[in-house]
Amino acid sequence: RHCYRSGHHSVLEFADFTFRISGVSRALTHQLVRHRMASYAQRSQRYCREDGFDYVTPASVAKDEQAQKTYTEAIRAIKEAYAGLLRSGIPAEDARMLLPNACCTEICVKMNLRELIHFCNERLCSCAQWEIRAVAREMVREVVAVAPELKEFLVPKCEAHAPYSFCTESRSRSCGRHPLLADVIREP
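Everything quoted here is computed from the prediction, not taken from an experiment. (Residues numbered from 1 in each chain as written. Predicted model: local features only at pLDDT ≥ 70, side-chain atom pairs only at ≥ 80, totals over all residues. Heavy atoms only, no water.)

Chemist: Let's hear about the sheet that holds strand S3 (residues 104-112): which residues, and what values?
Modeler: Strand order across the open sheet formed by 3 strands is S1-S3-S2, with antiparallel pairing between neighbours. Bordering the open sheet on either side are strand S1 (16-25) and strand S2 (38-42), each of which pairs with just one other strand. Neighbour-to-neighbour, the strand axes of this sheet turn through a mean angle of 20°, independent of strand direction. Where S2 and S3 come together, 5 bridges link them in antiparallel fashion. Among the inter-strand pairings, Ala41 is bridged to a residue of S3, identified as Cys108. Of the strands in this sheet, S1 and S3 are in contact with helix H7 (residues 130-146), which crosses S1 at around 145°. (Pairing = 2+ DSSP bridges. Helix = DSSP H or I, 4+ residues; strand = E, 2+ residues; numbered from the N terminus. Axes fitted to C-alpha atoms, helices over the stretch in contact; angles between N-to-C directions. Contact = heavy atoms within 4.5 Å.)

Chemist: How would you explain the pattern of salt bridges if you had to name every residue and give the values?
Modeler: As a working rule, side chains carrying opposite charge can pair if their charged atoms are close by. Within this structure, the stated rule accounts for 14 salt bridges. Residues Glu73 and Lys69 are paired through a salt bridge, measuring 3.9 Å at the closest nitrogen-oxygen approach. Residue Glu73 and its partner Lys69 are both found in helix H4 (residues 65-87); the two are separated by 4 residues, about one turn of the helix. Classification of Lys69 by relative accessible area gives partly exposed; the value is 47%. Arg141 is the partner of Glu138 in a salt bridge, and the nearest nitrogen-oxygen pair spans 2.6 Å. Residue Glu138 and its partner Arg141 are both found in helix H7; the two are separated by 3 residues, about one turn of the helix. (Salt bridge = Lys/Arg side-chain N within 4 Å of Asp/Glu carboxyl O. Buried < 20%, exposed > 50% of the residue type's maximum accessible area, 1.4 Å probe, protein only.)

So yeah, pure geometry; function would need other evidence.
Given below as C-alpha cells:
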C-alpha cells in the first residue's frame, strides 16, 4: 500500500496472477491483448477445428427479435461455410478466415499486479465494452478472494485516486459518477 501510494510501482511487478478465461469472444481477446505487459496463450484456430463453435451474443442483439434472427442466421451460415471448406480439404488455418469475432475462445493470461491494476483502471470504466468489463469484474473477484487487501486498487480509473475521484473521459462518454477532470482542474 505504501509503495503504491508513494508511486513506487515497480515492486508491484513481482506479484503475478494467472487467469484461465473461457467462453468469451475473440472480439474480447483482441481487446485484452492490447494490455502489453502480460503473457497470453490462446486457443488456436489454426490447429483446433472450430466446427460447431459456440459464440457470444450481445444483449443488445438478444433483446431485439429481428436482430437476434439476423445474427443467428449469419452464424449458422458461417458454421455451414466453415464446415464445407473443411470437408473440401481446406486446412483449418485457412478456413478460420470465415470465423466471426463472436466465436468463443479460451485464453490464459498472466499479469503482474502493476498491469492488473492498470487493466482494472481501464476496463472497469463504464466506457469499456460490456464483455471485457464483465471479465475484469470476475478477475477482481478472483484476486480479492486470495488477497482482499488489493480490492482498493482494482477499481475504475475514476476511483483510482480516491478521495480525489474524477473522470478523464469526455462529457459525452462520462457515466457522471464523478466530476470531469476538466471541471476539477481549471486552466488560468
